[in-house]
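# Fold and contact review
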Amino acid sequence: MKLEIKIIQADHYEEMSRLAAAQVIQLVKAKPDAVLGLATGGTPIGLYRELIEDFRANGTSYEGIHTINLDEYVGMTAENSNSYASFMKENLFSHINIKPENTNIPNGSAENLEDECKRYDALIESFNGADLQVLGIGRNGHIGFNEPGTSFSSHVHIVELSQNTREANARYFPSMDEVPEKALTMGIASILKSREILLLASGHTKAQAIKELLEGSVSEDFPASALKNHQKVTLIADQDALQLVRL
Ligand code: F6R
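Quantities reported herein were computed from a predicted structural model and do not represent experimental measurements.

Right, let's get into the sheet that holds strand β4 (residues 71-73). Overall, antiparallel pairing links the 3 strands, which are arranged β4-β8-β7 in an open sheet. In this open sheet, the two strands that pair with only one neighbour each are β4 and β7 (157-160). Sheet twist, expressed as the mean angle between neighbouring strand axes with direction ignored, is 25 degrees. Across 4 bridges, the pairing between β7 and strand β8 (residues 182-185) is antiparallel. What sits directly across from Ile158, in β8, is Leu184.

Pasting the structure below:
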């Protein structure tokens, strides 16, 4: 059977965010003890805003929900304002009724990073993967911090961030020198363990990556192409991100 990525077209970022939120909310209501795999970055901020609005307006409860985040910078404590732990608190967790102890992010400041990878792998294993993993995509096709060349059988691991990725993330830091050089990330195999994957893409800077994903071959040179080996992937993308694809 040929596996196909389901494509949902949105007019713009706000619509992409609303459509993504509708899917997350549906799962949270249907399975109040679901495990959500979450991402950081600019792409899911609108989705998180929608979830917060829905929580305030409709009281959708996250009391029994667990979360596992994709990645964290090495050398950052959860308290550091540039950490992904802070990002998640600021953009989602502190605005909904999720239990802090049910939220999980790799510890980038762990003394022994190899042990931390093992701990996080075991945690993902204990959940048997996420019910739904939210993903963004890098301009070079990275998912999580899995840069081109990462093995499709990779689990949680330490990565050297590419110059391309560091430059893309520099907007969050006072200067390029302060952008971390390493991160802990779920591997491709950890991501593919989730029962369902929701890939979000918005804006013209993602157009080339989306074209490559939908029209290119499956190769470790383009990490997101691993998603074509998964049976349930939905891409929600706006017109700008889809502009190079003939649908
Ligand atoms: C974030 C992550 C990254 C981002 C990707 C896109 O947790 O794992 O793969 O999803 O770099 O970033 P944005 O959304 O900022 O364009």
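What follows concerns the side chain of Thr185. Tracing the chain through its elements places Thr185 in strand β8. Residue classification places Thr185 among the buried positions, given a relative accessible area of 0%. Those residues within four positions of Thr185 in sequence are excluded, and the remaining contacts are Leu70, Asp71, Gly144, Phe145, Asn146, His155, Val156, His157 and Val159.

Of all residues adjacent to the ligand, which total 13 residues, the nearest are Thr43, Asp71, His142, Gly144 and Lys206. Within the contact set of the ligand, an oxygen atom lies 2.7 Å away from a side-chain nitrogen or oxygen of His142. A total of 410 Å² of accessible area belongs to the ligand in isolation, and the protein chains cover 92% of it. Here the ligand occupies the largest pocket. Counted by class, the shell around the ligand contains 3 nonpolar, 7 polar and 3 charged residues.

Moving on, we come to the packing of aromatic side chains. According to the stated counting rule, one finds 4 aromatic pairs in the structure shown. Geometrically, the ring pair formed by Tyr73 and Phe145 is tilted, given 5.8 Å between the ring centres and 35 degrees between the ring planes. Here Tyr73 is found in strand β4, whereas its partner Phe145 is found in the loop between β6 (132-135) and β7, with 72 residues between them in sequence. Accessibility expressed as a relative area gives 1% for Tyr73, which makes it buried. Taking the centre distance of 6.1 Å and the plane angle of 15 degrees together, the rings of Tyr84 and Phe145 count as stacked. With Tyr84 in helix α3 (residues 84-91) and Phe145 in the loop between β6 and β7, the pair connects residues that are 61 residues apart, well separated along the chain. A relative accessible area of 3% places Phe145 in the buried class. An aromatic cluster of at least three residues, connected via ring pairs, comprises Tyr73, Tyr84, Phe145 and Phe173.

A word on the side chain of Ser202. Mapped onto the secondary structure, Ser202 falls in the loop between β9 (197-201) and α7 (207-215). Here Ser202 falls in the buried class, since its relative accessible area comes to 17%. Reaching out from Ser202, the side chain makes a polar contact with the side chain of Asp238 at a distance of 2.6 Å. Excluding its chain neighbours within four sequence positions, the residues that come into contact with Ser202 are Tyr13, Met16, Asp238 and Ala241.

The rules behind these values
Residues numbered from 1 in each chain as written. Predicted model: local features only at pLDDT ≥ 70, side-chain atom pairs only at ≥ 80, totals over all residues. Heavy atoms only, no water. Pairing = 2+ DSSP bridges. Helix = DSSP H or I, 4+ residues; strand = E, 2+ residues; numbered from the N terminus. Axes fitted to C-alpha atoms, helices over the stretch in contact; angles between N-to-C directions. Buried < 20%, exposed > 50% of the residue type's maximum accessible area, 1.4 Å probe, protein only. Contact = heavy atoms within 4.5 Å. Near = heavy atom within 4 Å. Polar contact = N/O pair within 3.5 Å; in protein donor to acceptor, adjacent residues only side chain to side chain. Areas by Shrake-Rupley, 256 points an atom, 1.4 Å probe, with all protein chains shown as cover. 1 Å grid on protein atoms, 1.4 Å probe; cavity = no way out; pocket = protein on both sides within 12 Å on 5 of 7 lines; lining within 4 Å. Sits in = over half its atoms within 2 Å of the grid points. Nonpolar A, V, L, I, M, F, W, Y, C, P; charged D, E, K, R; others polar. Phe/Tyr/Trp six-rings, centres within 6.5 Å; stacked < 30°, edge-to-face > 60°.

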